[in-house]
Amino acid sequence: MSLSFANIAIVGLGVIGRNLALNLLDNQYDVVGFDLNTTLVDKTLTDSLKLNRGCFLKAKSLKDVLSKLRAPRVIALSVPAGKAIENVIDELLKEGLTSDDIVIDTGNSLWTDSVERGKKYLGKLTFFCTAVSGGEMGARFGPSLMASGNAIAWQQIKPMWESISAKVDSYGQPVPTGSEGEPCAAYIGPEGAGHYVKMVHNGIEYADMQLICEAYQYLRQVLNLSAHEIGNIFKKWNTGVLNSYLMEISVDILQQVDPKTKTPLVDMICDIAGQKGTGLWSAVESLQVGCPAPTITQAVFARSLSGLKVQRMKVANSIDVVIESSFEIDKTNAIEQLHDALYCSKLCAYAQGFNLMKMTASEQGWELDYAAIAKIWRAGCIIRAVFLQSIAEAYVKNPSLDSLLLDPFFSEELFNRQLNWRRTVASANLLGVSCAGLSSALNYFDAFCSKKLPSNLLQAQRDYFGSHTYSRIDHPEEQKFHFLWSESSRKEVYI
Ligand code: 6PG
């Protein structure tokens, strides 16, 4: 049977595009695919023939893509973020795209670019965005999808996205591909909102990864454990509150032997981490909107610092680190303490991410549903974790929760586990083990728990050299005072 029209087009059949196409076919949608690299189109066709479901149509050009879709046409772009998106859209416009046709950017675009594109293409086409998380396997068997843009277009896209997304059962646990469950796909808000939420997801991902790496380093450096032994500890942790995809893959990584040297593969990998920029965007955003996300930012710093290998080696070879040698560590206690330190730090990283979303949402006028965001992160995405069910519950109970630190369940967890957290960070510091993520989270927590910060002195310093004024604790905050610090008869003046 030959088919002349598909339900959706995928432009860009690289790793993510091809797997999204196969996932759509699996779910009985007919797909037309195009890529400048015809080998990728052929590969998708070959893979599609093994499925016996849906129908894949090859397109020779963007014009051909349009001819193989019925109006209003739905075209998903899986091309590199940046200028390439506009190049493809402009080409599609030349080929006859109309205002009712929906173009979906599924890349890791900068959220402000998506806002601008929404404005640029208004009236010319229906611009829509869907941030996709889950990597290659997620795209193929069930990603987490953060959709945003025209709300009417969402009604057309929703059934497709819900069917291809990951699913969870009524306990919030991921279910196998093809099983019934609650979809991890949601409409987040206007253009930009979905990409913003994905950016924060990646910021949390950076923090989560860094915290796991610091736990690994602590076990290696302080307790002298092997990669295999650390893998076993992580395996145990992965059965409890720390259960997550990132923990699961870390167990697998730590237990992998290098076929060449027969030593743990991880020990053979250079300690230099790369980054594509989404963590950096979250860090910059947190600084720009004034919403502290120190654990996310530290995770970005840690990757950059790892890249300064030459400089690191010079410093490491020139200064002897003096540690507290009399410090005694009980192995069993230290592991338990580290578990709690990781859990509490992770919670703070999520609190930072959710607060960042809150802050920008209020600036942009977006009405974000934080429970829905936590729910679609329970499966499919890179940060999927048992923990997200508790976050979802926190926001279901109180949709306008100021901070996750204020949720009764989490505040009790922090109360019960914080001493262990402090012990881990203190011992790491005394023993010269860098743990910037764990300690930044602890400092974040301690600052929020402080009824009095030293910012009174700071504000006085600002007033001293720059007449920047201050508020007084015995007057309403909006009343400003300046002290005449340099005059012989020093006095305070009301501004
Ligand atoms: C996801 C990932 C994905 C990608 C990151 C990695 O949710 O599927 O976050 O988007 O793996 O871009 O980013 P770095 O290369 O910066 O680590």
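The preceding data block contains the structure.
Quick notes on the rules
Residues numbered from 1 in each chain as written. Predicted model: local features only at pLDDT ≥ 70, side-chain atom pairs only at ≥ 80, totals over all residues. Heavy atoms only, no water. Buried < 20%, exposed > 50% of the residue type's maximum accessible area, 1.4 Å probe, protein only. Helix = DSSP H or I, 4+ residues; strand = E, 2+ residues; numbered from the N terminus. Pairing = 2+ DSSP bridges. Polar contact = N/O pair within 3.5 Å; in protein donor to acceptor, adjacent residues only side chain to side chain. Contact = heavy atoms within 4.5 Å. Phe/Tyr/Trp six-rings, centres within 6.5 Å; stacked < 30°, edge-to-face > 60°. Axes fitted to C-alpha atoms, helices over the stretch in contact; angles between N-to-C directions. Parallel < 35°, antiparallel > 145°, perpendicular 65-115°, else oblique. Left-handed = near helix turned anticlockwise from the far one by under 90°. Nonpolar A, V, L, I, M, F, W, Y, C, P; charged D, E, K, R; others polar. Salt bridge = Lys/Arg side-chain N within 4 Å of Asp/Glu carboxyl O.

Trainee: Help me out: how do you make sense of the pairing of strand β7 (residues 144–149) in this one?
Mentor: Within a regular strand, side chains alternate between the sheet's two faces. β7 sits mainly inside the fold: 6 of its 6 residues count as buried. The two faces of β7 match: Ser144, Met146 and Ser148 on one face and Leu145, Ala147 and Gly149 on the other face are all buried. The sheet contact formed by strand β6 (residues 126–133) and β7 spans 6 bridges and is antiparallel. Its bridge partner being in β7, threonine 130 is matched across the sheet by alanine 147. Sheet topology places β7 next to strand β10 (residues 185–189); 4 bridges connect them, and they run parallel. Paired with serine 148 across the strands is glycine 189, a residue of β10.

Trainee: How should the side chain of asparagine 23 be read in this particular structure?
Mentor: Counting through the fold element by element, asparagine 23 comes out in helix α1 (residues 15–26). Given the relative accessible area of 2%, asparagine 23 is considered buried. From its side chain, asparagine 23 meets the backbone oxygen of isoleucine 164 in a polar contact 3.0 Å long. Beyond its immediate stretch of four places on either side in the chain, asparagine 23 contacts Gly138, Ala139, Arg140, Phe141, Gly142, Pro143 and Ile164.

Trainee: I keep staring at the packing of aromatic side chains and nothing clicks. Help me out?
Mentor: Each pair of aromatic rings is reported with the distance of its centres and the angle of its planes. All chains considered together, the criterion is met by 22 aromatic pairs. Look at phenylalanine 387 and phenylalanine 410: their rings are 5.6 Å apart centre to centre, the planes differ by 55°, and that puts the pair in the tilted class. Of this pair, phenylalanine 387 sits in helix α17 (residues 387–397) while phenylalanine 410 sits in helix α18 (residues 408–430); the two residues are 23 residues apart in sequence, bridging distant segments of the chain. An identical accessibility class is assigned to phenylalanine 387 and phenylalanine 410; each is buried. An aromatic cluster is defined as three or more aromatic residues linked by ring pairs; in this entry it consists of Tyr343, Tyr350, Phe387, Phe409 and Phe410.

Trainee: Where do I start with the packing of helix α15 (residues 331–364) against α17 in this structure?
Mentor: Think of two packed helices as two axes; the pair is described by the angle between the axes and how far apart they sit. Close contact between α15 and α17 brings their axes to 12 Å; oriented N to C, the two are set at 45°. For the element pair α15 / α17, the angle class is oblique. Handedness of the crossing formed by α15 with α17: right-handed. Touching Tyr343, Lys346, Leu347, Tyr350 and Phe354 of α15 are Phe387, Leu388, Ile391 and Tyr395, all from α17. Of the residues belonging to the contact of α15 with α17, the class tally is 8 nonpolar, no polar and 1 charged.

Trainee: Help me out: how do you make sense of the pattern of salt bridges in this one?
Mentor: Side chains that differ in sign of charge can pair as their charged atoms come close. Applying the stated criterion across every chain, the model contains 26 salt bridges. Across the pair aspartate 340 and arginine 417 runs a salt bridge whose closest N-O atoms are separated by 2.9 Å. Remark: arginine 417 occurs in helix α18 and aspartate 340 occurs in helix α15; sequence separation between them is 77 residues. Residue aspartate 340 is classed as buried on the basis of its relative accessible area, which comes to 8%. With a relative accessible area of 16%, arginine 417 lands in the buried category. Each of the salt bridges in this network shares a partner with another, and the network as a whole consists of Lys83, Glu86, Asp90, Asp105, Arg117 and Lys120.

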